[in-house]
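Summary of the model geometry
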Amino acid sequence: MIEAARRRPLACGNAFRPESRLRGVEPSLRLPRTEPGSGAARCRIPGAELAATLLVALAFACAPATPASAQTLRGTGDLGVVIERATGRVQVVDTSAKSSLATIAGLGDLSHASVVFSRDGRYAFVFGRDGGLTKIDLLEQKIARRVLQAGNSIGGAISQDGRVVAAQNYTPGGVRLFDAATLEPLAEIRAAPGLDGTPSKVVGLADAPGQRFVASLFDAGEIWVIDASDPRAPKVEKFTGIGRQPYDGFVTPDGRWYIAGLFGEDGLALLDLWHPERGVRRILDRYGKGEEKLPVYKMPHLRGWAIAAGYAYLPAIGRNEVLVVDTRDWNEVARVPVAGQPVFAIARPDARQVWVNFAFPDNGKVQVIDTETRSVAKTLEPGKAVLHLEFTPRGEAVWISARDDHKVVVYDTATLRPIATLAADSPSGIFFTTRAARMGF
Amino acid sequence: MGATGVPAGAASVAVPDGPVARTSAPAPARQQELLRLLRQDCGSCHGMRLTGGLGPALTPEALSARPEAGLVATIVAGRPGTAMPPWRRFLSEAEAQWLVVRLVSGDVETVRD
């Protein structure tokens, strides 16, 4: 196996050629500690079954060029990544020190990039717009592996057991499954065609209990439940006619409900993953009925769900409101008027606040909703073109990206005051490793 | 994308021949704003590199067969029943036309994104 890896260096760290298109199957290296850079060629270990302690010792012995970061042992629970969308780079950040540890380049087109984490919290899988899927080692602070898996992609998910990574693609429309360790392709699921006959764009991909993935088809108006128990032969259950143009979807934190937002008609599509046989049902179909919708300059994102004390806070589409929905019966109980069309509505981990950012042209603002009074407690102006926000694991701080001011601002969520600023080149998504342990992330 | 890029000091931007010559080109600073809007805000649906996303690719290859007037109308008024919104609140018809010419020629780089 080592031999094979040496012949095909694109599977290992430094020698990687970013634009190489993945053909066939990369050899799987079962000795991850020996992978990095120059080390891989020199570590010739007979037999792959070695005790972990020995492996670590060998890795240090064989790789004199080990980066400083690997010499000091540390966990990854307070690490994360910030996407620099315009330059195809990511920063590895430390949420305790509120600092940037490293910048990793060569990730391609990162507009609309999203990230999932390996369940040990060591690796970030970055899905790029150009179909690039890059596995980043947060400890070694470099690219561990990278494949170009589609022509146009917007995101992905990781399976319940952490072994399968799924990518959702626009071209060719569908879902592809990969081995999380090696990025070896396992299966391709082509989406049903839309009106123009080409495979539908896939949106709203999320992991669900039982080694399942759930996704929505924008052009075909379907929800697909993919059982990846056997990831080389996934089984797909299809729900058709779920509504026009689902634009995103999410799984509730308990993994029971999948909800897709609809652009082409009123309401949202709801699937009970405990009882898929009951089919998809429409909820909130009266919200906005008969009212003129505002033009939508950016689709809301549902994955950063906010479920607070039994209520879901959802960005309304085409209106300047956040909808409050009772998750016991999925009825609307309130609407919170906000400063623009919401893009993300995200609950602080303790659920006392929901933070909201907005679509162009109101994207300079962030509003904090008090979930007790269901009203806006404060309007903040963190910077120009706020694209994303992410809470630290227990929510004492929130990191906010301001694309056009080239900075990330960290707010104290108790005082609602900025406490740190990090420079970043057109920052967009911010993703912390806490996601590794959360369903639907 | 084969774009030539706008030289620093955008006053020296060459105005391509064709319809844009009939209308007056936007002032250099406004041109930068429009190109920025194109990449960032149109880009949220069409891709930052305009290679497509929820909306179709807006590359020269993708647009070459499309009548220019129709593209301008799409930008200004949107396409009802689809996710393409009207942009008339943010740009004039002449500016939309200027953008279409840039899109068709692939010359959409900004000085600094």
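What this report covers is the structure whose coordinates are included nearby.

All right, on to the nonpolar core then. Core analysis: the biggest nonpolar cluster contains 29 residues, and A:Leu284 and A:Trp330 have the highest contact counts within it. With sequence-adjacent residues up to four places away left out, A:Trp330 is seen in contact with A:Thr252, A:Trp257, A:Ile259, A:Leu270, A:Arg281, A:Ile283, A:Leu284, A:Ala312 and A:Val325. B:Phe90, B:Leu91, B:Val100 and B:Val108 belong to the second-largest nonpolar core, a separate cluster that totals 23 residues.

Residue and element names in this part refer to chain A. Under the criterion given, the structure shown has 25 salt bridges over all chains. Close ionic contact of Asp 326 with Arg 328 constitutes a salt bridge, the shortest N to O distance being 2.8 Å. On the basis of relative accessibility, which here comes to 69%, the residue Arg 328 falls in the exposed class. Shared partners join several salt bridges into a network, and the residues in it are Arg 74, Asp 78 and Asp 94.

Looking now at the sheet that holds strand E24 (residues 342-347) of chain A. All names here are of chain A. Taken together, the four strands give an open sheet; going across it, the order is E24-E25-E26-E27, and neighbouring strands pair in antiparallel fashion. If you trace the sheet from one side to the other, it starts and ends with E24 and strand E27 (375-380), each paired once. On average, adjacent strands in this sheet sit at an angle of 25° to one another, irrespective of strand direction. Two strands pair when backbone bridges link them, and strand E26 (residues 366-370) and E27 are joined in this way by five bridges, in the antiparallel orientation. Residue pairing for E27: Asp 370 is matched across the bridge by Ser 375.

Take the interface of chain A and chain B next. Contact with chain A, which involves 26 residues of that partner, is made by 23 residues of chain B. The contact between chain A and chain B buries some 2,100 Å² in all, and 53% of this surface belongs to carbon and sulfur atoms. Linking chain A with chain B are two salt bridges. As a salt-bridge pair, B:Arg36 and A:Asp404 come within 2.6 Å of each other at their nearest N and O atoms. For the pair chain A and chain B, the interface holds six residue pairs in polar contact (both at pLDDT 80 or more). Of the residues in the side of chain A that touches chain B, the class split is ten nonpolar, seven polar and nine charged.

As a further point, take the environment of A:Gln353. Residues and elements named next belong to chain A. Note that Gln 353 resides in strand E25 (residues 353-358). Taking relative accessible area as the criterion, Gln 353 reaches 11% and is therefore assigned buried. Separated by 170 residues in sequence, Gln 353 and Leu 183 place their C-alpha atoms 38 Å apart. Sequence-distant contacts of Gln 353, that is, excluding residues within four places in its chain, are made with Ile 346, Ala 347, Arg 348, Val 368, Ile 369, Thr 371, Thr 413 and Leu 416. Looking at Gln 353, its side chain comes within polar contact range of the main-chain oxygen of Thr 413, at 3.0 Å.

Attention now goes to the side chain of A:Asp326. Structurally, A:Asp326 can be placed in strand E22 (residues 321-326). Note on A:Asp326: relative accessible area 7%, which makes it buried.

As a further point, take the packing of helix H4 (residues 68-77) of chain B against helix H5 (residues 93-105) of chain B. All names here are of chain B. Between H4 and H5, the shortest axis-to-axis distance is 9 Å and the interhelical angle comes to 125°. On the basis of their axis angle, the class for H4 and H5 is oblique. Every pair of crossing elements has a handedness; the one defined by H4 and H5 is right-handed. On the side of H4, the interface is formed by Glu 68, Leu 71, Val 72, Ile 75 and Val 76, while H5 contributes Glu 93, Ala 96, Gln 97, Val 100 and Val 101. Class assignment for the residues of the contact of H4 with H5 results in seven nonpolar, one polar and two charged.

Within this structure, the stated rule accounts for ten aromatic pairs over all chains. Ring centres of A:Tyr297 and A:Phe360 lie 6.1 Å apart, and the angle between their planes is 80°; this geometry places the pair in the edge-to-face category. One end of the pair, A:Tyr297, is in the loop between strand E19 (280-283) and strand E20 (306-308); the other, A:Phe360, is in the loop between E25 and E26, and 63 residues separate them in sequence. Across the pair, exposure class does not vary: A:Tyr297 and A:Phe360 are buried alike. Linked through ring pairs, A:Tyr297, A:Phe360, B:Trp87 and B:Phe90 together constitute an aromatic cluster. Between A:Arg374 and the ring centre of A:Tyr311, over which it is positioned, the NZ or CZ distance is 4.5 Å.

A separate point is the environment of A:Asp230. Assignment of secondary structure puts A:Asp230 in the loop between strand E14 (222-227) and strand E15 (235-239). By relative accessible area, which is 41% here, A:Asp230 ends up partly exposed.

Thresholds applied
- Starting from 1, residues in each chain are numbered consecutively following that chain's sequence as written.
- Lettering for chains starts from A, numbering for ligands starts from 1, and both go in the order in which the items are written.
- Only residues with pLDDT of at least 70 are given local features in this predicted model, and only at 80 or more are side-chain atom pairs given and counted; all residues enter the totals for whole chains, interfaces and linings.
- To get the side-chain values, take all heavy atoms of the structure and skip hydrogens and water.
- Nonpolar core, defined: a set of buried Ala, Val, Leu, Ile, Met, Phe, Trp, Tyr and Cys residues in which side-chain atoms within 4.5 Å join the residues together.
- Exposure is judged per residue with a 1.4 Å probe applied to protein chains only, and the accessible area is read against the type maximum: over 50% gives exposed, under 20% gives buried, and values in between give partly exposed.
- For this analysis, residues touch if any pair of their heavy atoms sits within 4.5 Å.
- For this document, the term salt bridge refers to a Lys or Arg side-chain nitrogen within 4 Å of an Asp or Glu carboxyl oxygen.
- What makes two strands pair is DSSP finding at least two bridges between them.
- Starting at the N terminus, helices and strands are each numbered in turn, a helix being any DSSP run of H or I of at least four residues and a strand any DSSP run of E of at least two.
- Angles shown run from 0 to 180 degrees and are taken between the N-to-C directions of axes, each axis being a line fitted to C-alpha atoms and, for helices, limited to the stretch in contact.
- By convention, the term buried area covers the 1.4 Å-probe accessible surface removed from two parts as they join, with the contributions of both added.
- Polar contacts, as used here, are pairs of N or O atoms within 3.5 Å; protein pairs need one atom able to donate a hydrogen and one able to accept it. Residues neighboring in sequence count only if both atoms are side-chain atoms.
- For this classification, Asp, Glu, Lys and Arg are treated as charged, while Ala, Val, Leu, Ile, Met, Phe, Trp, Tyr, Cys and Pro are nonpolar and the rest, including Gly, are polar.
- An angle counts as roughly parallel when it lies under 35 degrees, as roughly antiparallel when it exceeds 145, as roughly perpendicular when it falls between 65 and 115, and as oblique in every other case.
- Here a crossing is called left-handed whenever its near helix is offset anticlockwise from the far helix by less than a right angle, and right-handed whenever the offset is clockwise.
- Two rings from Phe, Tyr or Trp (for Trp, the six-membered ring) form a pair when their centres are within 6.5 Å of each other. A pair whose planes differ by under 30 degrees is stacked, one over 60 is edge-to-face, and the rest are tilted.
- Geometrically, a charge over a ring is one whose NZ (Lys) or CZ (Arg) sits within 6 Å of the ring centre while staying within 35 degrees of the ring normal.

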